[in-house]
Amino acid sequence: MVNRPRSSPWRLPLAAALLAALPALAQDDAQRYVRFVEEGAGECVSRNGVQILVKNEHPTRRLRVWLDRYQAGVGTGDRSRSDLAPGAPPEPLGCSRNLAGAQEWRLARAVFLD
């Protein structure tokens, strides 16, 4: 009699769950390389703020990022998309303060383009 290993009932669901999680893992990995930078810029400084910029810190891979804008802590419904090259200068987003008050950008999603 040949002794065959029995298939465990949890193997197929576990494999399916791992495969389903791969896109989320890749997105989380890309998010690690997105950095927000602050610089003093004339117009922003005159409003007691700073210029907000976003950059890619991965040494070789391009990133696509989606950013949500918030005004005084409330989402404005504005979502921007940018492609960020490795080693490129940061891309300006706007001032941390505008005439209506404090403004910020939050990372909604990031993926590698290659």
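Look up: the structure comes first, before these words.
Only a predicted model underlies this, so the values are computations on that prediction, with no experimental measurement involved.

A. Just the overall build of the protein, in detail. What the protein contains, in helices and strands, is two helices and seven strands. Put simply, the protein runs from its N terminus to its C terminus through helices and strands in the order α-β-α-β-β-β-β-β-β. Taken over 114 residues, the protein has a buried fraction of 25%. Put simply, of all contacts in the protein between residues at least 6 apart along the chain, 65% involve residues at least 24 apart.

B. Local environment of unusual backbone geometry. We note that Asn 48 has phi near 60 degrees; this positive angle belongs to a residue other than glycine. Using a relative accessible area of 70% as the deciding quantity, one classes Asn 48 as exposed.

C. Examining the packing of aromatic side chains more closely. The tally for this structure, following the rule as stated, stands at one aromatic pair. A ring pair is formed by Tyr 33 and Phe 112, whose centres lie 6.1 Å apart and whose planes are at 55 degrees; its orientation type is tilted. Here Tyr 33, found in the loop between helix H1 (11–31) and strand S1 (34–39), pairs with Phe 112, found in strand S7 (residues 101–112); they are 79 residues apart in sequence, far enough to count as distant. Taken as a pair, Tyr 33 and Phe 112 share a single burial class, namely buried. Sitting above the plane of the Phe 112 ring, Arg 61 keeps its charged end 3.7 Å from the centroid.

Cut-offs and rules
- Residues numbered from 1 in each chain as written.
- Predicted model: local features only at pLDDT ≥ 70, side-chain atom pairs only at ≥ 80, totals over all residues.
- Heavy atoms only, no water.
- Helix = DSSP H or I, 4+ residues; strand = E, 2+ residues; numbered from the N terminus.
- Buried < 20%, exposed > 50% of the residue type's maximum accessible area, 1.4 Å probe, protein only.
- Contact = heavy atoms within 4.5 Å.
- Phe/Tyr/Trp six-rings, centres within 6.5 Å; stacked < 30°, edge-to-face > 60°.
- Lys NZ or Arg CZ within 6 Å of the ring centre and 35° of its normal.

Any functional reading would require information that these geometric values do not contain.
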